[in-house]
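Here's the letter readout for the chains.
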Amino acid sequence: NFNPAKAEGSNDIALIRYNAYSDELETKINNEVMVIQPQENTVFKLISNEASYTYVAYKDKNNDMKQNYLVLLTDNPKVKIFKRERITLIPEQHPTGGYQKYKAPEYKKLNPEYYIQLNNGEIVYFSTKKSDVIELIPGKEKEIKQFLKENKISTSDEEDFTQLGAYLSSLI
């Protein structure tokens, strides 16, 4: 499905879609699908659901530098939280015995990965474990723990990331 979107700094509207398997943004021009050449920090904002795809460099959970399109979930002055959507291809499986059936190859959506940027620094892997979230800002562990408890914030619920991002931004 192609959705209308704008590139940041442009008023032109184009039909684009995100291909999570190949990590590419595609556009449709004259009924032909073309890949948009990625450029660092380019932001494409979908008009329909306000999602923003940003091509950025980040450190994954193995501390390796990568560049991909990430969805911006929260945009606070000092804290930005991103999501990486992922899909994998499960290969076909031929029957090895008489009782098994052929399984066609299929795409499977993987759990998203989250990334955080503090004070316009590096974008790094964001573990959604409560204990890791509490330790995000050294010296503010008690305040973060109390905030999570009082506001019943789930560190694995994307809808709570907006509130969490705003609070963390106020602490820095």
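Preceding this paragraph is the structure being described.
The paragraphs below set out a description of the structure included in this document. Note that the structure is a prediction, hence the values are computed from the model and not measured.

Quick notes on the rules
Residues numbered from 1 in each chain as written. Predicted model: local features only at pLDDT ≥ 70, side-chain atom pairs only at ≥ 80, totals over all residues. Heavy atoms only, no water. Helix = DSSP H or I, 4+ residues; strand = E, 2+ residues; numbered from the N terminus. Buried < 20%, exposed > 50% of the residue type's maximum accessible area, 1.4 Å probe, protein only. Contact = heavy atoms within 4.5 Å. Areas by Shrake-Rupley, 256 points an atom, 1.4 Å probe, with all protein chains shown as cover. Lys, Arg positive; Asp, Glu negative; His and termini not counted. Charge placed at Lys NZ, Arg CZ, Asp CG, Glu CD. Salt bridge = Lys/Arg side-chain N within 4 Å of Asp/Glu carboxyl O. Polar contact = N/O pair within 3.5 Å; in protein donor to acceptor, adjacent residues only side chain to side chain. Pairing = 2+ DSSP bridges.

Points about the overall build of the chain
And step 1. Along the backbone of the chain there are three helices and ten strands.
And step 2. Across its three principal axes, the chain shows a C-alpha extent of roughly 60 × 50 × 30 Å.
And step 3. When burial is assessed residue by residue, the chain has 33% of its 172 residues classed as buried.
And step 4. Relative to all contacts within the chain whose residues are 6 or more apart in sequence, the contacts with residues 24 or more apart total 42%.
And step 5. In the structure as shown, the chain presents an accessible area of about 11200 Å², 46% of it carried by carbon and sulfur atoms.
And step 6. Counting 23 positive and 25 negative side-chain charges, the chain places the centres of these two groups 5 Å from one another.

Overview of the pattern of salt bridges
And step 1. Applying the stated criterion across every chain, the model contains eight salt bridges.
And step 2. Measuring nitrogen to oxygen at the nearest pair gives 3.3 Å for the salt bridge that ties E158 to K83. In this pair, E158 is assigned in helix α3 (residues 158-171) and K83 in strand β8 (residues 79-90), connecting sequence segments 75 residues apart.
And step 3. Taking the relative accessible area as the measure of exposure, E158 reaches 26% and is therefore partly exposed.
And step 4. Residue class for K83 comes out buried when judged on its relative accessible area of 14%.

Describing the side chain of S127
And step 1. With respect to the helices and strands, the residue S127 is situated in the loop between β10 (123-125) and α1 (130-134).
And step 2. By relative accessible area, which is 17% here, S127 ends up buried.
And step 3. Of note is the side chain of S127, whose polar atom sits 3.3 Å from the backbone nitrogen of K129.
And step 4. Looking at S127, its side chain comes within polar contact range of the side chain of D132, at 2.6 Å.
And step 5. Among all residues touching S127, those that are not within four sequence positions of it are D132 and V133.

Observations regarding unusual backbone geometry
A negative phi angle characterises most non-glycine residues, just as the trans form characterises most peptide bonds.
And step 1. Although it is not a glycine, N63 sits at a positive phi angle of roughly 70°.
And step 2. When you line up the elements, N63 lands in the loop between β6 (52-59) and β7 (65-75).
And step 3. When its relative accessible area of 54% is taken as the criterion, N63 is described as exposed.
And step 4. Look at N119: it is not a glycine, yet its phi comes out positive at around 50°.
And step 5. By the element assignment, N119 lies in the loop between β9 (106-118) and β10.

Thoughts on the pairing of strand β2 (residues 13-19)
And step 1. Two elements, strand β1 (residues 3-7) and β2, share four bridges in a ladder whose sense is antiparallel. Its bridge partner being in β2, A5 is matched across the sheet by A14.
And step 2. Counting the residues between successive antiparallel strands, the hairpin from β1 to β2 contains five residues, one of them, G9, with a positive phi of roughly 85°.
And step 3. Taken together, β2 and the strand that follows it, strand β3 (residues 24-29), pair antiparallel across an intervening segment of four residues, in which D23 is found at a positive phi of about 55°.

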